[in-house]
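Residues per chain are reported as follows:
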Amino acid sequence: MVDQARARRLAKRISAIVATAIEYEIKDPRLRFVTVTDARVTGDLHDATIFYTVMGETVEAEPDYTEAAAGLEKAKGVLRSKVGAGTGVKFTPTLSFVLDTVPDAAKQMEDLLARARAADDEVARVAAEATPAGEADPYKTPRDDD
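Residues numbered from 1 in each chain as written. Predicted model: local features only at pLDDT ≥ 70, side-chain atom pairs only at ≥ 80, totals over all residues. Heavy atoms only, no water.

Residues and numbers for the sheet that holds strand β3 (residues 94-99), please.
Strand order in this open sheet of 3 strands is β1-β2-β3, and the pairing throughout is mixed. What marks the edges here is a single partner per strand, and that holds for β1 (34-41) and β3. With direction set aside, neighbouring strand axes in the sheet form an average angle of 30°. As defined by bridge partners, β1 adjoins strand β2 (residues 47-54) across 7 bridges and the pair is classed as antiparallel. Residue pairing across strands places V36 opposite Y52, the latter belonging to β2. Its contacts with the sheet place helix α2 (residues 65-87) against β1, β2 and β3, and it is angled at close to 155° to β3. (Pairing = 2+ DSSP bridges. Helix = DSSP H or I, 4+ residues; strand = E, 2+ residues; numbered from the N terminus. Axes fitted to C-alpha atoms, helices over the stretch in contact; angles between N-to-C directions. Contact = heavy atoms within 4.5 Å.)

So what about the pattern of salt bridges? Which residues, and what values?
Scanning the model with the defined rule gives 8 salt bridges in all. Across the pair E57 and R32 runs a salt bridge whose closest N-O atoms are separated by 3.7 Å. Of this pair, E57 sits in the loop between β2 and α2 while R32 sits in the loop between α1 (4-25) and β1, placing them 25 residues apart in sequence. Across the pair R125 and E122 runs a salt bridge, and its minimum N-O distance is 2.4 Å. Here R125 pairs with E122, and both are found in helix α3 (residues 102-129), just 3 residues apart, close to one helical turn. Judged by its relative accessible area of 40%, R125 is partly exposed. Judged by relative accessible area, which is 39%, E122 ranks as partly exposed. Where salt bridges share partners, they join E122, R125 and E129 into one cluster. (Salt bridge = Lys/Arg side-chain N within 4 Å of Asp/Glu carboxyl O. Buried < 20%, exposed > 50% of the residue type's maximum accessible area, 1.4 Å probe, protein only.)

Dropping the structure here:
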């Protein structure tokens, strides 16, 4: 029977171990701007998927995803050893790294929302300056029979 709570605790611990190892112990310059965002472990605790993002050297610089992926692939064995030593589980899970696309999707959503706000502002501006096409009071009023 799969213990989901144990898998979540192990995933959280693996995420912390890998993030600490990347930041302080592994000296590969390709991993300088790698950030671990999440980890997931299968129900049998044999496979762990680690999600990561890569930042650029500056705000305007494009991140080098291929170099970061190559650096993580090279450090996979060392990271797995550190996970095994840090978790104390009977079977150390195999590690796989997946680029996290959530920040890019969030940026795209923010851009779409900004465009929608701009379109709403334009419609409000046009509506404020608009005049009725017919009479000012288009509704019929009852006649006064004299």
